[in-house]
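Listed below, chain by chain, are the residues.
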Amino acid sequence: MDAARAKMLVLVAEFRPGVVTVDGRGDEWAEADGFEFSLLPALDFDRDKEFSGGKMAVKALHDGNNAYFLLRVEGDYVYTKGDGYKCPSVALMFQIGENATYSSMGGCRKFGTECNSRSCQGHEVDIMHFSIGNAIPGRLYGSNPIDNQEATGDDRFGNLVDLYAWNPHCQFLDGKEFLVSHCWVLPSMVLINSMWLFLRNDSSAQNDWQGAWWHSSLTSHSGFVEKDSPYSSDGQKGTYYFEFSRPLRTVDRLQQDVQFTIGQSTKMAVAFWYPSEGKAWGKSDHYSVSCDWMPMEFVSASSIYATSRGAWDATSAFSLILSVVAFCISIYVAYWLSMAKSVPFTPIDRL
């Protein structure tokens, strides 16, 4: 799918409760609608530099409480335990602020010490990033009570983190923001480049995402553990699956989470990193499914019912008309036969 067409698409998250189990397998998504995209370099959207492994399919659903996302990427199996830069990685980005642009991850023109929630207000974007170097396939990562107790979007176990940003140089874990002080020193300050910075932490912040990954070359059905790493052989042909969930609404109070609303649309983007020829990928080496925001909409159950009812009503109306026509024809034929003159009987002895 080319970039121009991708900009016109709307990813629809239908209401389908009780369908998705976030285990990375993706089998239950077969009937869900979605789109398949070519993966092109995000910073140089050139078709000649398309990801050689294959295309990415993007799908979304919701159950009225949680949103679910599936990313399916064709690619040979690559995994290096403990090194996220030598493993595939994915990210979802959503517009929060009304002025947040796709390019430059929000597009705030402030940098360094001038970049904060006041100077960059309106340029907020919400980011979920999953780097699988420490994540066991099929296991659930992201939101956990230990990191959430510290009120951050971190994930110390599988590196499925919840971030926000105003531009590529100003991105932080949820709940954290660097503030600058030139006049005083606090115990929580650190000295960076001759400037005192301290970390603000919001007690309501947490990692709201959960997710898992899988590859079609993996054969275990009882579940992997860490000692099974690398879980499969490098170079195995197949497909990666990344499956995620997040509540539609969160307790965020600082414009660090996008808020999903049933019946309304939002803007999103998808990124993918892949280690080429065994080399670690760089932060700017990601591929993207589009060169701008991709709109998506959370459809209500009533909308789906109305659509299906409309289709049923049309079929029923056609059947009714056909039945009436057939009935009228049968009456006409019966009437014609009754009015037709009978053939007179002539006894044989009169011949």
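As the structure is a prediction and not an experimental result, all values here were calculated from the model.

Caption draft 1: Broad picture of the state of the cysteines. A full pass over the atoms with the stated rule returns two disulfides. Here Cys108 connects covalently by a disulfide to Cys120, the sulfurs 2.0 Å from one another. Every disulfide takes its handedness from the sign of the S-S torsion; for Cys108 and Cys120 that torsion is -70°, giving left-handed. A residue pair is termed long-range when its members are at least 10 positions apart, and Cys108 in the loop between β6 (89-95) and β7 (125-131) and Cys120 in the loop between β6 and β7 qualify at 12 residues. For the pair shown, Cys108 and Cys120 are each scored as buried. Paired through a disulfide, Cys115 and Cys170 show a sulfur-sulfur distance of 2.2 Å. Of this pair, Cys115 sits in the loop between β6 and β7 while Cys170 is found in strand β10 (residues 170-173), placing the two residues 55 residues apart along the sequence. Looking at the chain, its bonded cysteines, counted consecutively from the start of the sequence, adopt the pairing 1-3, 2-4.

Caption draft 2: Seen up close, the packing of aromatic side chains. Counted by the stated rule, this structure contains 26 aromatic pairs. Between the aromatic rings of Tyr79 and Tyr231, the centroid separation amounts to 5.4 Å while the plane-to-plane angle is 70°, which identifies the pairing as edge-to-face. Taken together, the residues span a long stretch of sequence, with Tyr79 in the loop between β5 (66-74) and β6 and Tyr231 in the loop between β14 (210-215) and β15 (239-247) at a distance of 152 residues. On the accessibility criterion, Tyr79 (5% relative accessible area) is buried. With a centroid separation of 6.1 Å and an interplanar angle of 75°, the aromatic rings of Tyr102 and Trp293 are classed as edge-to-face. Remark: Trp293 occurs in the loop between β17 (287-288) and β18 (294-298) and Tyr102 occurs in the loop between β6 and β7; sequence separation between them is 191 residues. Among the residues examined, Trp293 registers a relative accessible area of 9% and is labelled buried.

Caption draft 3: Geometry of unusual backbone geometry. The amide bond that connects Ser229 to the next residue, Pro230, takes the cis arrangement and shows omega of 10°. Relative to the assigned elements, Pro230 resides in the loop between β14 and β15. Even without being glycine, Ser104 reaches a positive phi, approximately 65°. Take Ser104: it is sitting in the loop between β6 and β7.

Caption draft 4: Quick peek at the confidence of the model for the chain. For the chain, the mean per-residue pLDDT works out to 85, and 79% of the residues sit at or above 70. Here residues 179-198 scores under 50 on pLDDT; set against residues more than four positions off or in separate chains, the count is 27 contacts.

Caption draft 5: Spotlight on the pattern of salt bridges. Throughout the structure, instances matching the rule amount to 10 salt bridges. When the shortest N-O distance is used, the salt bridge between Asp147 and Arg156 registers 2.9 Å. What makes Asp147 buried here is its relative accessible area of 1%. The partly exposed category is assigned to Arg156, whose relative accessible area is 44%. Where Glu150 meets Arg156, a salt bridge forms, and the shortest distance between an N and an O atom there is 3.2 Å. Connected through salt bridges with shared partners, the residues Arg47, Glu50 and Lys55 form a single ionic network.

Caption draft 6: Seen up close, the pairing of β18. Of the two faces of β18, only one is covered, namely that formed by Met294, Met296 and Phe298; the face formed by Pro295 and Glu297 stays uncovered. Looking at chain direction, strand β16 (residues 265-273) and β18 are connected through four bridges and run antiparallel. Of the residues in β18, the one forming a bridge with Ser265 is Glu297.

Caption draft 7: The arrangement of the side chain of Ser232 in detail. Residue position: Ser232 is located in the loop between β14 and β15. Side chain to side chain, Ser232 and Ser217 meet in a polar contact 3.2 Å long. For Ser232, the residues in contact, after removing those within four places along its chain, are Tyr77, Ser217 and Leu218.

Caption draft 8: Up close: the side chain of Glu243. Note on placement: Glu243 falls in strand β15. A distance of 3.2 Å separates the side chain of Glu243 from the backbone nitrogen of Asp23, its partner in a polar contact. Of note is the side chain of Glu243, whose polar atom sits 2.8 Å from the backbone nitrogen of Gly24.

Parameters at a glance
- Residues numbered from 1 in each chain as written.
- Predicted model: local features only at pLDDT ≥ 70, side-chain atom pairs only at ≥ 80, totals over all residues.
- Heavy atoms only, no water.
- Disulfide = S-S within 2.5 Å.
- Helix = DSSP H or I, 4+ residues; strand = E, 2+ residues; numbered from the N terminus.
- Buried < 20%, exposed > 50% of the residue type's maximum accessible area, 1.4 Å probe, protein only.
- Phe/Tyr/Trp six-rings, centres within 6.5 Å; stacked < 30°, edge-to-face > 60°.
- pLDDT = per-residue confidence, 0-100.
- Contact = heavy atoms within 4.5 Å.
- Salt bridge = Lys/Arg side-chain N within 4 Å of Asp/Glu carboxyl O.
- Pairing = 2+ DSSP bridges.
- Polar contact = N/O pair within 3.5 Å; in protein donor to acceptor, adjacent residues only side chain to side chain.

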